[in-house]
Amino acid sequence: MATGETQLYAKVFNKLRGRSVPSLLEPLLGMGFPAHTALKALAATGRKTVEEASDWLHSHCNDPSLNDPIPQEYALFLCPTGSLLEKLQEFWRESKRQCAKNRAHEVFPHITLCDFFTCEDQKVECLYEALKRAGDRVLGTFPAAVPLVLHSSISYLGFFVSDGPADIIREFAVMFASEASSLADCTVKPCTKQLHLTLAHKFYPHHQRTLEQLARAIPLGHSCQWTAALYSRDMRFVHYQTLRVLYQYNPQNVDELMLSPGDHVFVDPTQQEEASEGWVIGTSQWTGCRGFLPENYTERVSECDTWVKHRTYTFSLAADLSSRKDGEASGRRNGEPHPPPTSWSVCSLQSLQVTRPLDVKATAARKSILVVRHGERLDQIFGKSWLQQCSTLDGRYYRPDLNFPRSLPRRSCGIKDFENDPPLSSCGIFQSRMAGEALLDSGISVTCVFTSPALRCVQTAKHILEELKLEKKIKIRVEPGIFEWTKWEAGKNTLTLMTLEELKEANFNVSMDYRPAFPLASLLPAESYQDFVHRCAVSMGQIVSACPQDAGVTLIVGHGSALDSCTRPLLQLPPRDCADFAQLVRKVPSLGMCFCEENKEEGKWELVNPPVKTLTHGSNSGFNWRSWTQGS
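Thresholds, definitions, all that
- Residues numbered from 1 in each chain as written.
- Predicted model: local features only at pLDDT ≥ 70, side-chain atom pairs only at ≥ 80, totals over all residues.
- Heavy atoms only, no water.
- Helix = DSSP H or I, 4+ residues; strand = E, 2+ residues; numbered from the N terminus.
- Contact = heavy atoms within 4.5 Å.
- Salt bridge = Lys/Arg side-chain N within 4 Å of Asp/Glu carboxyl O.
- Buried < 20%, exposed > 50% of the residue type's maximum accessible area, 1.4 Å probe, protein only.
- Expected span 1.5 Å × (residues − 1).
- Pairing = 2+ DSSP bridges.
- Phe/Tyr/Trp six-rings, centres within 6.5 Å; stacked < 30°, edge-to-face > 60°.

## Re the environment of Ala-517
- Summarising the element assignment, Ala-517 is placed in the loop between α16 (500–505) and α17 (529–546).
- Here the alpha-carbon distance between Ala-517 and Cys-536, two residues 19 residues apart in the chain, equals 9.5 Å.
- With residues up to four places along the chain from it excluded, the contact list for Ala-517 reads Glu-479, Val-538, Ser-539 and Gln-542.

See the structure below:
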């Protein structure tokens, strides 16, 4: 940090001596932390305890932005509590279950009082004083009940606050903005338009009636204690996706990120060109470090899960006056309870499914298509340098870990061609066999098989057919038209995929007579999203026509994207928004399935429950026995 900035923080610290701030700051300075980073830690943790700030500083010791003077963003919300909050949470859960996730699910139930604004770290305490002063001024006139009126439109559903009480609440917001400007030198824009509590936003139009019925079931007659809550967020990651870490991950390469369960990772969806399939580039909230991470170790959550609650002011005439005026220093992040986050990708897929149990006999009498994602691939587990880990200097393959397969197929240009066309891991082979075994037990009749030309897809189809006892009866038809979106193959000027001759020589029972909708040579690098969905739609048309049987199951083994791009044309649905598509696909697990069934009576296809259950398992990190003995 520059000398001038250090002197500035020193002046601020001396000015604040004798006030309440040094009670938290001084111990941190005594530990040897610079004033500017200590203030930054206090702001990032809600100025609650010295221990929290100290832990934050220790965990961010390698944060490249630690010394950057980047303030937090703050916002003031009016939040319901008690029985009303419980009913709103119930609405959140039911609306997500019945109508899939919408924009309102990103934040807890609230009325926005001011837009997000910035405040310098050394002046955050002044915001607390501004909240206290504004609350004290309107306490006597704050409405005992806040009347809410339901409002609905084609893309919005929520409660509007009636004019009289709304005027008082707006007055409170204006007072807070004025006090914050005076005390903390902040520019705060209070909400002066129609105050509202959003229930649903940006939902599908055909869900409007269901959402309205759920909203009308919310009882509004009960008294409710309202709380003004001051939250902060990291302004650098406002438009990023937020992932919560589920499993521990120890980096295999220097450019990978350490993952610890409970941490959050911020991911910019527009900056993922360098990441291979199944991986993303993100920044850890706990450490501030950035790197590659396996996305299946995480789940997507709401942005507000990373917000920090600083102080609250509760409008309750029954509460003790002194405690009310002092406000509540909450020790929780995201103090407003809200329903546990659910993977929206799963909800989006399930919302299209007919929720009736699978009738195998009925399925056998109908034409069906089962779209399956391939099994676990080697680079998904061992990173981008997986090939260097299993090849000798003279280009021979060896098995450094049991999750590497026993051998690799022979390729004309040698082992280097596997780098951009990775095979299944040993676990991926096992997953594929488990899926095939389950399909055999389900009693379905597979009559045709199509796969993407990617080796992992052909391998998955082969192992499924082996478990179905059909590996010699059904030939695998390789269809390049259902290959992955080539934009996600960034940096690969040419696709090094195995030819039909190479696959046949490697004992894959591939059809040499099938004429694909798109030859392998037609796959162009970095195609547009529109070209990709068009390619998949045309390919699906050919696949359906190539299997004219009135009954039986056509098996399609592709990529995570295939569960969307190969089913929506059948369902006569338009392509998803590109950003939504990318996020949805990233959540499809190995051997994830979608099952489409033709309804000839109604002249349409339906998405129904797959014939087998999902496959769920945990991670298993590498182990070095030498480090074990050295540590004893």
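## As for the pattern of salt bridges
- The full count for this structure, using the stated rule, is 28 salt bridges.
- Two residues, Glu-129 and Arg-133, come together in a salt bridge whose shortest N-O distance is 3.0 Å. With Glu-129 and Arg-133 both in helix α6 (residues 124–138) and four residues apart, this pair spans about one turn of that helix.
- Owing to a relative accessible area of 30%, Glu-129 belongs among the partly exposed residues under this scheme.
- Here Arg-133 falls in the partly exposed class, since its relative accessible area comes to 33%.
- One salt bridge connects Asp-379 with Arg-377, and the closest N-O pair in it is separated by 2.6 Å. Accessibility assignment for this pair places Asp-379 and Arg-377 in one class, buried.

## Remarks on helix α7 (residues 163–184)
- The first and last C-alpha atoms of α7 sit 30 Å apart over 22 residues, in line with the 32 Å expected at 1.5 Å per residue.
- Count one or two residues on from α7 and you reach Asp-185, which has phi positive near 55°.

## A closer look at the environment of Leu-76
- By the element assignment, Leu-76 lies in strand β1 (residues 72–80).
- In the structure, Leu-76 is positioned 37 residues away from Leu-113 in sequence and 5.5 Å away in space, judged by C-alpha atoms.
- Here Leu-76 is in contact with Ile-111, Thr-112, Leu-113, Cys-114, Leu-131, Phe-172, Phe-176, Ala-228, Ala-229 and Leu-230, once residues within four sequence places are set aside.

## Here we look at the pairing of strand β15 (residues 367–373)
- When you tally the buried positions in β15, you get seven out of seven residues, the bulk of the element.
- Of the two faces of β15, the one carrying Lys-367, Ile-369, Val-371 and Arg-373 and the one carrying Ser-368, Leu-370 and Val-372 are both buried.
- Looking at chain direction, β15 and strand β19 (residues 593–599) are connected through five bridges and run antiparallel. By the bridge assignment for β19, Val-372 is matched with Met-593.

## Quick look at the packing of aromatic side chains
- Here the structure, examined in full by the defined rule, presents 27 aromatic pairs.
- Seen in terms of ring centroids, Trp-485 and Phe-532 are 6.0 Å apart; in terms of plane orientation they differ by 20°. Their pairing is stacked. Residue Trp-485 is found in the loop between β17 (476–478) and α16, and its partner Phe-532 is found in helix α17; the two are separated by 47 residues along the sequence. Judged on exposure class, the residue Trp-485 and its partner Phe-532 are both buried.
- Taking 5.2 Å as the distance between ring centres and 45° as the angle between the ring planes, the aromatic pair formed by Tyr-529 and Phe-581 counts as tilted. Taken together, the residues span a long stretch of sequence, with Tyr-529 in helix α17 and Phe-581 in helix α19 (residues 578–586) at a distance of 52 residues.

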